[in-house]
Amino acid sequence: MVLFLAAFFWISIGLVAYSYLIYPPLISICAHLFGLAITKDKAIRPSVAFLVPVYNEEKVLRKKIENILSLNYPSDKLSIWLGSDSSTDGTHTIVKEFTDPRIHLWIAPTRGGKTQVLNQMAPIVPAEILVFTDANTMHAQESLKYLVASFADNKVGCVAGHINHLDPGSEVSGEVTYRSFESNQKRAEGRLASTISAYGGFYGIRRELFKPIPFNAYSNDDVLIPMNVLRQGFRVAFESRAISQEDTTNNRSVEFRRRIRIGAGNFQAFFWLLDFLNPLKGWVWLSYCSHKAIRWFSPILLLLAACACIALIITRSGLIYDVLGLCATLFVCIGISHTIIPLRLTKAIFYFLSMNTALCLGLIRYCKGIKSAAWSTTQRS
């Protein structure tokens, strides 16, 4: 029994440690040794359509439209398609104030969420490249040129841009640090073979590669759409120079609820992507299992490890488990102390604990059933 508990403990802890501590440098080394170059041409100008799903975004929508129109890109190659999920504020009025023929408004007859908007709009948009973006994401002037440059390589079907978070001094700025951590892995994965997800605020795909995603897909289009591109045999690249910015909320509870929603969508996506657990998919399998699957289940692994550790301590199975149990307790206490004493060290630990707690609650939400992909606008700074 002791051997079983010990094996259970070390395997659970080992998988979490591997995903967060070992995989990031491992994928960088593999990218350096085995990476496949992507042919880029910043001079290409395919026709591009921005798809912007919106629900009650009157506070940022005018700025968003003006930002896209101001991008350094040929005007005759650029269009904006705004999909309103039956907004009830001034969203429709703001769009109609613009007389530019490149701006189009599609209004859903009933609320169905972001998935409904994307599934309905993507097939009717006459452009070579579809760029998916959010209303609160603002793009740098040259970002679109950098994004489309990788489409010069006919093996690339999707390109993910990089997103910086504004207001890094906010309470939830652990998101900024984690975003940098994520971007480094995406960059290495893209160099090696393919990254396996995008930032939902800014990524593009070849129009003919778009496949509708399940109607109740919940906060996970930036995983499902790129993975559908991979299923069709194309690469997903990451372009760190295609820069956009998003504001963050300084409300910890709002951010936590957003993380729960993302967590529920992650578990939903996992069961739709079971084919990527096949080792025959090579580097994509390694990236998906290491970067996504294990990390999504890390709170479950941590809980199982904690239970095994407690059982090993009770059965007096070795001093090492007493020490590890004490270290884990201190780790949690230090993280929780961030709510009282917000320090740089406590912030990182608090974010890790908060993220995994939200994932656990997201699993509970997923198990209860997700019938609709409808969402509400996150109140940001």
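The structure reproduced in this document is the subject of the present report. Keep in mind it's a predicted model, so treat the numbers as computed, not measured.

Note on placement: Leu-363 falls in helix H12 (residues 344-368). Looking at Leu-363, the relative accessible area reads 19%, which means it is buried. Spatially, the C-alpha atom of Leu-363 lies 8.5 Å from that of Asn-266, the residues being 97 residues apart in sequence. With residues up to four places along the chain from it excluded, the contact list for Leu-363 reads Phe-267 and Ile-300.

Let us now look at the pairing of strand E7 (residues 202-206). The buried fraction of E7 amounts to five of the five residues, a majority that puts the element mostly inside the structure. Residues Phe-202, Gly-204 and Arg-206 point to one face of E7 and Tyr-203 and Ile-205 to the other, with burial holding for every one of them. Pairing between strand E4 (residues 129-133) and E7: five bridges, direction antiparallel. Residue Leu-130 lies in a different strand from E7, and its bridge partner there is Ile-205.

Time to look at the packing of aromatic side chains. A full pass over the atoms with the stated rule returns 19 aromatic pairs. Ring geometry for Tyr-199 against Phe-238: centres 6.4 Å apart, planes inclined by 80 degrees, an arrangement best described as edge-to-face. Note that Tyr-199 is positioned in the loop between helix H6 (174-192) and E7 and Phe-238 in strand E8 (residues 235-246), a separation of 39 residues in sequence. Judged by its relative accessible area of 9%, Phe-238 falls in the buried class. Between Phe-270 and Phe-271, the ring centres sit 5.0 Å apart and the planes meet at 85 degrees, which makes this aromatic pair edge-to-face. Using a relative accessible area of 41% as the deciding quantity, one classes Phe-271 as partly exposed. Three or more aromatic residues link up through ring pairs in this structure, and these residues are Phe-267, Phe-270, Phe-271, Phe-297 and Tyr-366. Directly above the aromatic system of Tyr-199 lies the positively charged group of Lys-186, at a separation of 5.0 Å from the ring centroid.

Rules and cut-offs
Residues numbered from 1 in each chain as written. Predicted model: local features only at pLDDT ≥ 70, side-chain atom pairs only at ≥ 80, totals over all residues. Heavy atoms only, no water. Helix = DSSP H or I, 4+ residues; strand = E, 2+ residues; numbered from the N terminus. Buried < 20%, exposed > 50% of the residue type's maximum accessible area, 1.4 Å probe, protein only. Contact = heavy atoms within 4.5 Å. Pairing = 2+ DSSP bridges. Phe/Tyr/Trp six-rings, centres within 6.5 Å; stacked < 30°, edge-to-face > 60°. Lys NZ or Arg CZ within 6 Å of the ring centre and 35° of its normal.

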